[in-house]
Amino acid sequence: MADVLPTTRHHPFDPPAGLAALGDRDTPHRLRFADGHEGWLVTSYALARAVLADPRFSARSELRHSPVRRPRADDLGPGGRTPPGFFIGMDPPEHTRFRRLLAGEFTVRRMDRLRPRIEAIVGERLDAMAAAGPPVDLVPEFALPVPSLVICELLGVPYADRDRFQRDSAALLRLDVTDEVATAAVRGLREYLRDLVRRLRAEPGEDLLSALAAGDRLTEDELVGIAFLLLVAGHETTANMLALGTFAALGEPDLLAAFRGSAEDVAAAVEELLRYLSIVHFGVSRTAKEDVELAGQRIRAGECVLAWLPAANRDPERFPDPDRPEPARAGAGHLAFGHGVHQCLGQQLARMELRIGFTALFARFPGLRLAVPAEEVPLRHDMGVYGVHRLPVTW
Ligand code: HEM
């Protein structure tokens, strides 16, 4: 009899309590996915890495199943199609072509050039927050706009278009909208990105999308797919790390002290928060392309395996006393960015945003604290990316 994925949390930062009841970490467990598919679940660090590094498992969206039912925006995600350029849902060698092109543009130099812009964006949002409160909801004031504006920089979205861009991309992340509204937001953004690609082809800027659009290496559809992937992969994740990370740090003096310490302390605290919070909390899944023997179980071709990142990142064999956030451990080899050929392309950018964001937030508001009891902070149990819907804070 297959289990369904436990999703109810008894503590805002820990994986669902049902994880312990699944028993032995050293073997795959049967798991029933939301559409009834009977696949597998792996919860240990070693098995999660083994699945994600194994080319016999496919990342193609069409072959995947979702462990939980979610509102659908257009036909993206597990079971949906893979649009041109949306390489997170492709396998090598198709995936390799895009990944190489992108890696060549996601350079240290381009990231360094973004640093002063990120510092300026963070500073402007903190000014707006100071003017609006206290109290304020940190999510719309800080956590959502910072990554959205950074993606605008990366993609070369002109200033005049940024309000519309931010509004549509925020609509993508909301739960209280119908499938139709979410689909309309996806289509609106895709149309916008198509216009942008055309404009940047005619008048290139310094941004990453202009660089990719130069020449005829990529079709217009592929460029739109890449831009859209960067937006969906980089916005919700970073936003939830900022908001949930703030919530966690406000209750953990060691984390707060690290965020007020040296650049190394801040980097270590960010790494440990990535491990501890593992916000990609229903991820990530792969589908066997052929029969695979895994820790004594036969995974049959076509069966989907969930490499459950929140469980793997709390594996006591890899991380002693895993339920304690300890900045000194610096996350050491966590899987919050995945593993293998699809390991997060934007991880250096995400780290930069989180380091700059947390440092500036806690420096600007030394007395920052929750404006409601911790139990009243609404949690995103049911969203693809875990976090908080709102974070009322005061200072
Ligand atoms: C804290 C923030 C972030 C987290 C936790 C995160 C997490 C992840 C994870 C777990 C994967 C692997 C998915 C899989 O194996 O199926 C991934 C892939 C990816 N991420 Fe991130 N991400 C973050 C921020 C970003 C940012 C800022 C960007 C870019 C602007 C980005 C772009 C991507 C892309 C393009 C992929 C697909 C890579 C590929 O398929 O080769 N991510 N991310």
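Residues numbered from 1 in each chain as written. Predicted model: local features only at pLDDT ≥ 70, side-chain atom pairs only at ≥ 80, totals over all residues. Heavy atoms only, no water.

- By the naming in an unreviewed UniProt entry, the protein is Cytochrome P450, taken from Amycolatopsis arida.
- The protein has a UniProt comment under Function (unreviewed entry) that states "Involved in the coupling of aromatic side chains of the heptapeptide of vancomycin."
- The record in UniProt for the protein states the following under Pathway (unreviewed entry): "Antibiotic biosynthesis; vancomycin biosynthesis." (UniProt positions renumbered as here; feature names shortened; annotations may be inferred.)

## Observations regarding the coordination of the iron atom of the ligand
Part 1 of the reasoning: The protein gives the iron atom of the ligand a lone donor atom, Cys 344 (SG), placed 2.3 Å from the metal.
Part 2 of the reasoning: Residue placement: Cys 344 occurs in the loop between helix 13 (309-312) and helix 14 (347-364). (Donors = N, O, S within 2.8 Å, 3.2 Å for Na, K, Ca; no water. Helix = DSSP H or I, 4+ residues; strand = E, 2+ residues; numbered from the N terminus.)

## Notes on unusual backbone geometry
Part 1 of the reasoning: Each neighbour pair has its own omega, and for Pro 92 with Pro 93 the value is 5 degrees, a cis peptide bond.
Part 2 of the reasoning: Turning to its location among the elements, Pro 93 is positioned in the loop between strand 3 (57-58) and helix 3 (94-105).
Part 3 of the reasoning: Following Pro 134, the chain continues to Pro 135 via a peptide bond in cis, the omega torsion being -5 degrees.
Part 4 of the reasoning: One can find Pro 135 in the loop between helix 4 (108-132) and strand 4 (136-137).
Part 5 of the reasoning: Of note, Ser 278 is a non-glycine position whose phi angle comes to about 35 degrees, a positive value.
Part 6 of the reasoning: Looking at the secondary structure, you find Ser 278 in the loop between helix 12 (263-277) and strand 5 (285-288).
Part 7 of the reasoning: With a relative accessible area of 2%, Ser 278 lands in the buried category.
Part 8 of the reasoning: One non-glycine residue, Ala 295, lies in the positive phi region at around 45 degrees.
Part 9 of the reasoning: On the secondary structure map, Ala 295 appears in the loop between strand 6 (292-294) and strand 7 (297-299). (Buried < 20%, exposed > 50% of the residue type's maximum accessible area, 1.4 Å probe, protein only.)

## Considering helix 10 (residues 220-250)
Part 1 of the reasoning: Over its 31 residues, helix 10 runs 45 Å from end to end, which matches the ideal 45 Å to within 8%, given 1.5 Å per residue.
Part 2 of the reasoning: Judged by how many residues are buried, helix 10 sits mostly within the fold: 24 of 31 residues are covered. (Expected span 1.5 Å × (residues − 1).)

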